[in-house]
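# A look at the structure
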Amino acid sequence: MSHEPTIFQKILDREVPADVVLETDDCLAFRDVNPKAPVHVLVIPKKPLVNLADATDGDAELLGKCLRVCDAVAQQEGCGDAYRVVTNTGAGAGQSVFHLHFHVMGGRDMGWPPG
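Notes on the structure in this doc start here. (Residues numbered from 1 in each chain as written. Predicted model: local features only at pLDDT ≥ 70, side-chain atom pairs only at ≥ 80, totals over all residues. Heavy atoms only, no water.)

### Brief notes about the overall build of the protein
This is how the line gets drawn: To qualify as a helix, a DSSP run of H or I must reach at least 4 residues; to qualify as a strand, a run of E must reach at least 2; elements of each kind are numbered from the N terminus. Two things to know: the radius of gyration comes from C-alpha atoms, and the globule rule equals 2.2 Å times the number of residues to the power 0.38. Accessible area is worked out with a 1.4 Å probe on protein chains only. A residue is then buried under 20% of its type maximum, exposed over 50%, and partly exposed in between. Only heavy atoms matter for contacts: two residues are in contact if any of them lie within 4.5 Å across the pair.
Looking only at helices and strands, one finds 2 helices and 5 strands in the protein. Counting from the amino terminus, helix and strand elements in the protein follow one another as α-β-β-β-α-β-β. Taking 115 residues into account, the globule formula puts the C-alpha radius of gyration at 13 Å, and the protein, at 14 Å, falls close to it. A buried classification covers 39% of the 115 residues belonging to the protein. If you take every contact in the protein between residues at least 6 apart in sequence, the share linking residues at least 24 apart comes to 54%.

### Here's the deal with the nonpolar core
Applicable threshold: Side-chain atoms within 4.5 Å are what join buried Ala, Val, Leu, Ile, Met, Phe, Trp, Tyr and Cys residues into a set we call a nonpolar core.
One finds Ala29, Val43, Val73 and Phe102 to be the most contacted residues of the largest nonpolar core, which totals 19 residues. Of all the secondary-structure elements, those providing two or more residues to this core are β2 (27-31), β3 (39-45), α2 (60-76) and β5 (102-106). Not counting residues within four places of it along the chain, the set of residues in contact with Ala29 comprises Asp19, Val20, Val21, Leu22, Val41, Leu42, Val43, Val69 and Val73. By size, the runner-up hydrophobic cluster in this structure holds 8 residues, among which are Phe8, Ile11, Leu28 and Val97.

### A short note on the environment of Val16
Tracing the sequence through the fold places Val16 in the loop between α1 (7-12) and β1 (20-23). What Val16 contacts, discounting residues up to four positions off in sequence, is Ile7, Lys10 and Ile11.

### Concerning the pairing of β3
Side-chain direction in a regular strand flips from residue to residue, so the side chains alternate between the two faces of the sheet. Test applied: By definition, two strands form a pair when at least two bridges between them are found by DSSP.
Among the 7 residues of β3, 7 are classified as buried, and the element is accordingly described as predominantly covered. Neither face of β3 is left uncovered, since the one carrying Val39, Val41, Val43 and Pro45 and the one carrying His40, Leu42 and Ile44 both have all their residues buried. The pairing of β2 with β3 spans 5 bridges and is classified as antiparallel. The partner of Arg31 across the bridge, within β3, is Val41. When β3 meets β5, the two strands line up antiparallel, connected through 5 bridges.

### Some thoughts on the sheet that holds β2
Neighbouring strands of a sheet are bound in pairs by backbone hydrogen bonds; such pairs are parallel or else antiparallel. Spelled out, the test is: Angles shown run from 0 to 180 degrees and are taken between the N-to-C directions of axes, each axis being a line fitted to C-alpha atoms and, for helices, limited to the stretch in contact.
On the basis of which strands lie adjacent, the open sheet formed by 5 strands has the order β1-β2-β3-β5-β4 and antiparallel pairing. The open sheet has two edge strands, β1 and β4 (83-86), and neither has a second partner. With strand direction ignored, the average angle separating the axes of adjacent strands in the sheet is 20°.

### Here we look at α2
In plain terms, the rule: Given a helix with a known number of residues, its expected span is that number minus one, times 1.5 Å.
The end-to-end C-alpha separation of α2 is 24 Å, in line with the 24 Å expected for 17 residues at 1.5 Å each. Burial in α2 covers these residues: Leu62, Leu63, Cys66, Val69, Cys70, Asp71, Val73 and Ala74. Looking at the packing, one finds that the buried side of α2 touches β1, β2, β3, β4 and β5. The first or second residue beyond α2 is Gly78, which carries a positive phi of 85°.

### Section: the packing of aromatic side chains
Worth spelling out the cut-off: Here a Phe, Tyr or Trp ring, Trp counted by its six-membered ring, pairs with any other such ring whose centre lies within 6.5 Å, and the pair is stacked when the planes are under 30 degrees apart, edge-to-face when over 60, and tilted otherwise.
Summed over all chains, the structure comprises 1 aromatic pair. With a centroid separation of 5.5 Å and 70° between ring planes, the pair formed by Phe8 and Phe30 is classed as edge-to-face. Remark: Phe30 occurs in strand β2 and Phe8 occurs in helix α1; sequence separation between them is 22 residues. A residue is classified by how much of its surface remains accessible, and Phe8, at 6% relative accessible area, is buried.

Below, the structure written as structure tokens:
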């Protein structure tokens, strides 16, 4: 695995611009540059975790904070109680940036199954 900073770390370090919609002490939320829904925001922890498989029991509080930020973003973006939160773990599941991130998507009907 590369030791180069991910694009998300570069966004956290303010080396790469992003359309930030919400920031807390623990998380950053910004618009996806390739949206798949009218609302498509990424929520990332400021702690560099690769994905959920990289998280430990000690990260439980941080993960909860990330999910609360996901809900806050959905409310801020007008999704109400109709939105989807997705995270991919591993390349085989579609993870392309290896910094844990949650996709918050809404603004249209979401079909099922998603994949």
